[in-house]
Amino acid sequence: KNKNVLMSFLNAILKGNPKIIDLELLNTDSPKLIKNGLGIRLDVKAKVSDNTFVDIEIQCRNTHDIPERAIQYLARMLNENADKADKDNKNELTRDYHYPKVIGIWILGQNVTDRASAISEASMVFHKNDRDDYRIMSDKMRVFFIELKKFKPKTIDKKNMLNIWLSFLQNPENQELKHVDETVDQAFDTLKFVSSDKKMRD
């Protein structure tokens, strides 16, 4: 029902990389890797229009392991959704895999990095050395940390959807946000409906 709201939120963060024109919500359970190991349950998992997989996590507390968990979740999604290109090849060592792009978005109630910005994007990089410059190693895995405590705009920029969505997440009772965008109004209405049901709220 609220797919368009999620698309608006994701497009505000991703700024066209990729541009999302459709998405499919997926099963959030990730199976155990070993018999006695732990499975993982993601908060929101989606496959978007260009076949990128997105994981959205909401974390109120700083558990002091969030960057490591973000890497683990992305690595799981990358592995689970790899396409075995030469399926007839039974040898796992020589089989050719095609890996999708995976993106993690962590919405955080407490600060977990020492960065000044409210939004930080990370990916795997080659560091600068005596012969090579810094550059991205791969864009297959990207993670965004949204630290809401660092988001302190003086005014709400009503032409900036990212500004609007972060303001909504920070204070979903902010009346200034009403009628700015139909997807935000839909989020207000849905939150009001969910909050009125004690079982749903719990």
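Quick caveat, the model's predicted, so the values are computed rather than measured.

Novice: Explain the side chain of Asn163 to me, and be specific about the residues and the numbers.
Specialist: Looking at where Asn163 falls in the secondary structure, it is placed in helix α3 (residues 161-170). One polar contact links the side chain of Asn163 to the main-chain amide nitrogen of Asp157, over a distance of 3.2 Å. Apart from residues lying up to four places away in sequence, Asn163 is in contact with Phe151, Pro153, Thr155, Ile156 and Asp157.

Novice: Go over the environment of Asn62 with me, naming the residues and quoting the values.
Specialist: Position of Asn62 relative to the elements: it lies in the loop between β5 (53-59) and α2 (66-80). Non-local contacts of Asn62, meaning those with residues more than four positions away in its chain, are made with Gln110, Asn111 and Val112. Only 2.9 Å separates the side chain of Asn62 from the backbone nitrogen of His64, close enough to count as a polar contact.

Novice: I'd like to hear about empty space enclosed by the protein, residue by residue, with values.
Specialist: All told, the structure shown has 1 cavity of 30 Å³ or more when counted by the stated rule. The calculated volume of the largest cavity comes to roughly 50 Å³. Looking at the lining of the largest cavity, the elements that each hand over two or more residues are β2 (29-30) and α2. No other element matches α2, which puts 4 residues into the lining of the largest cavity. For the lining of the largest cavity, the per-class residue count stands at 4 nonpolar, 3 polar and 4 charged.

Novice: Let's hear about the sheet that holds strand β9 (residues 119-126): which residues, and what values?
Specialist: Strands sit in the order β1-β4-β5-β8-β10-β9 across an open sheet of 6 strands; the sheet is mixed. Edge positions in the sheet fall to β1 (23-25) and β9, since each of these pairs with one other strand and no more. Neighbour to neighbour, the strand axes of the sheet diverge by 25° on average, direction disregarded. Examined bridge by bridge, β5 and strand β8 (residues 102-108) share 7 bridges and lie parallel to one another. For Ile58, the partnering residue across the bridge sits in β8 and is Ile107. Its contacts with the sheet place helix α1 (residues 3-14) against β1, β4 (44-48), β5, β8 and β10 (135-147), and it is angled at close to 115° to β1.

Novice: Kindly report on the environment of Asp43, identifying the contributing residues and their values.
Specialist: Counting through the fold element by element, Asp43 comes out in the loop between β3 (40-41) and β4. Looking at Asp43, the relative accessible area reads 37%, which means it is partly exposed. Separated by 67 residues in sequence, Asp43 and Gln110 place their C-alpha atoms 18 Å apart. The contacts of Asp43, once residues within four sequence positions are left out, are Thr28, Asp55, Ile56, Glu57 and Ile58. Of the polar contacts made by the side chain of Asp43, one reaches the backbone nitrogen of Ile58; its length is 2.8 Å.

Novice: An account of the nonpolar core is needed here, citing residue identities and associated values.
Specialist: Leu10, Ile13, Ile105 and Trp165 are the most contacted members of the largest nonpolar core, which totals 32 residues. Mapped onto this core, the elements with two or more residues apiece are α1, β4, β5, β8, β10, α3 and α4 (182-195). Looking at this core element by element, the count peaks at 8 residues for α1. Counting residues in each nonpolar core, the second largest holds 16 residues, with Ile66, Leu74, Trp106 and Val112 among its members.

Novice: Any details on the layout of surface pockets? Residues and values, ideally.
Specialist: Roughly 780 Å³ of internal volume is contained in the largest pocket. What lines the largest pocket is a set of 22 residues, and nearest its centre among them are Val5, Ile58, Phe168, Leu169 and Ala187. Contributing elements (two or more residues each) for the lining of the largest pocket: α1, β5, α3, α4 and α5 (198-201). In terms of residue class, the lining of the largest pocket is made up of 17 nonpolar, 3 polar and 2 charged.

Thresholds, definitions, all that
- As a convention, each chain's residues are numbered from 1 in the sequence order in which they are written.
- In keeping with the model being predicted, local features are shown solely for residues with a pLDDT of at least 70 and side-chain atom pairs are shown and tallied solely at 80 or more, while totals for entire chains, interfaces and linings include all residues.
- The side-chain quantities take in all heavy atoms of the structure and omit both hydrogens and water.
- Numbering of helices and strands starts at the N terminus; helices are DSSP runs of H or I of at least 4 residues and strands are runs of E of at least 2.
- Here a polar contact means two N or O atoms within 3.5 Å. Within protein one must be a hydrogen donor candidate and the other an acceptor candidate, and residues neighboring in sequence count only if both atoms are side-chain atoms.
- Whether two residues are in contact is decided by their heavy atoms: any pair within 4.5 Å suffices.
- Put plainly, a pocket is an open set of points on a 1 Å grid over the protein atoms alone with protein on both sides within 12 Å along at least five of seven lines, a cavity is a set where a 1.4 Å probe fits but cannot get out, and a lining residue has an atom within 4 Å of a point.
- Grid points are joined across faces, edges and corners, and a volume is the space filled by probe spheres set on the points.
- When residues are sorted by character, Ala, Val, Leu, Ile, Met, Phe, Trp, Tyr, Cys and Pro go into the nonpolar class, Asp, Glu, Lys and Arg into the charged class, and all the rest, Gly among them, into the polar class.
- Note on pairing: two strands pair once DSSP finds at least 2 bridges between them.
- With axes taken as lines fitted to C-alpha atoms, and helix axes fitted only over the stretch in contact, angles between N-to-C directions fall between 0 and 180 degrees.
- Residue burial is assigned from relative accessible area. The probe radius is 1.4 Å, only protein chains are included, and a residue is buried under 20% of its type maximum, exposed over 50%, and partly exposed in between.
- Residue types Ala, Val, Leu, Ile, Met, Phe, Trp, Tyr and Cys, when buried and joined through side-chain atoms within 4.5 Å, form a set referred to as a nonpolar core.

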